[in-house]
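# Chains, contacts and geometry: an overview
Chain by chain, the residues run as shown.
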Amino acid sequence: MITHDKIGPDEDLAREVLIIARGIAPCLASFPDESEQQKDALAILKRVYKDITARGSRFIKGQSIGPARVEYADIGSAFDGQPRRALRALCAATAGGTAIGSFPTERPTARMWPETY
């Protein structure tokens, strides 16, 4: 099971990263310990944690030399872009690439126009 202490030393921040990640990819809790899926998920979560703690170059929108200024991009979430897609891809691979949920097998229009079937 992925726990906050595997993500980073700041417990509150690590817990927040984990909670948001579980909202994006609920399958995180199903990965067996030390499995490749769990290692991949941890790598993604650790990268997000590091990006939050040290606003890296991926967040820089503009830079000037005189008078030295850095303008950061407006990011809605540290999970925007690649981390979100990567976590969802892990869940899709776990599910065998199929949709998770139950869907009706009959078409609803069959009841509306029975003569067409």
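That block above? That's the structure.
Presented here is a report on the structure given in the accompanying data block. (Residues numbered from 1 in each chain as written. Predicted model: local features only at pLDDT ≥ 70, side-chain atom pairs only at ≥ 80, totals over all residues. Heavy atoms only, no water.)

### Quick notes on the overall build of the protein chain
The secondary structure content of the protein chain amounts to 4 helices and 2 strands. Relative to its full complement of 117 residues, the protein chain shows a buried share of 26%. In the protein chain, the proportion of contacts linking residues at least 24 apart, taken out of those at least 6 apart, comes to 56%. (Helix = DSSP H or I, 4+ residues; strand = E, 2+ residues; numbered from the N terminus. Buried < 20%, exposed > 50% of the residue type's maximum accessible area, 1.4 Å probe, protein only. Contact = heavy atoms within 4.5 Å.)

### What about the side chain of S35?
Within the fold, S35 resides in the loop between α1 (11–24) and α2 (36–53). For S35, a relative accessible area of 12% puts it in the buried group.

### Considerations on the packing of α1 against α2
Helix packing for two helices is described by the angle between their axes and how far apart those axes are. Relative to each other, α1 and α2 sit at 130°, their axes nearing to 10 Å. The angle between α1 and α2 places the two elements in the oblique class. Between α1 and α2 lies a crossing whose hand is right-handed. Contacts between α1 and α2 pair L13, A14, V17, L18 and A21 from the former with L45, V48, Y49, I52 and T53 from the latter. Residue classes in the contact of α1 with α2 are distributed as 9 nonpolar, 1 polar and no charged. (Axes fitted to C-alpha atoms, helices over the stretch in contact; angles between N-to-C directions. Parallel < 35°, antiparallel > 145°, perpendicular 65-115°, else oblique. Left-handed = near helix turned anticlockwise from the far one by under 90°. Nonpolar A, V, L, I, M, F, W, Y, C, P; charged D, E, K, R; others polar.)

### A word on the state of the cysteines
This model, assessed by the stated rule, comprises 1 disulfide. In this model C27 forms its disulfide with C91; the gap between the sulfur atoms is 1.8 Å. Residues C27 and C91 are joined through a disulfide that is left-handed, its torsion about the S-S bond being -95°. Taken together, the residues C27 in the loop between α1 and α2 and C91 in helix α3 (residues 82–94) connect sequence positions 64 residues apart. No difference in accessibility class separates C27 from C91, as the two residues are buried. (Disulfide = S-S within 2.5 Å.)

### Some thoughts on α3
With 13 residues, α3 extends 18 Å between its outermost C-alpha atoms, agreeing within 8% with the 18 Å of an ideal straight helix rising 1.5 Å per residue. For α3, the set of buried residues is P83, L87, L90 and C91. End-on view of α3: buried residues confined to an arc of 95°, all on one side of the axis. For α3, exposure combined with an orientation more than 90 degrees from the buried face picks out Q82, R85 and A93. In this structure, the buried side of α3 is in contact with α1 and α2. (Expected span 1.5 Å × (residues − 1). Arc of directions from axis to C-beta.)

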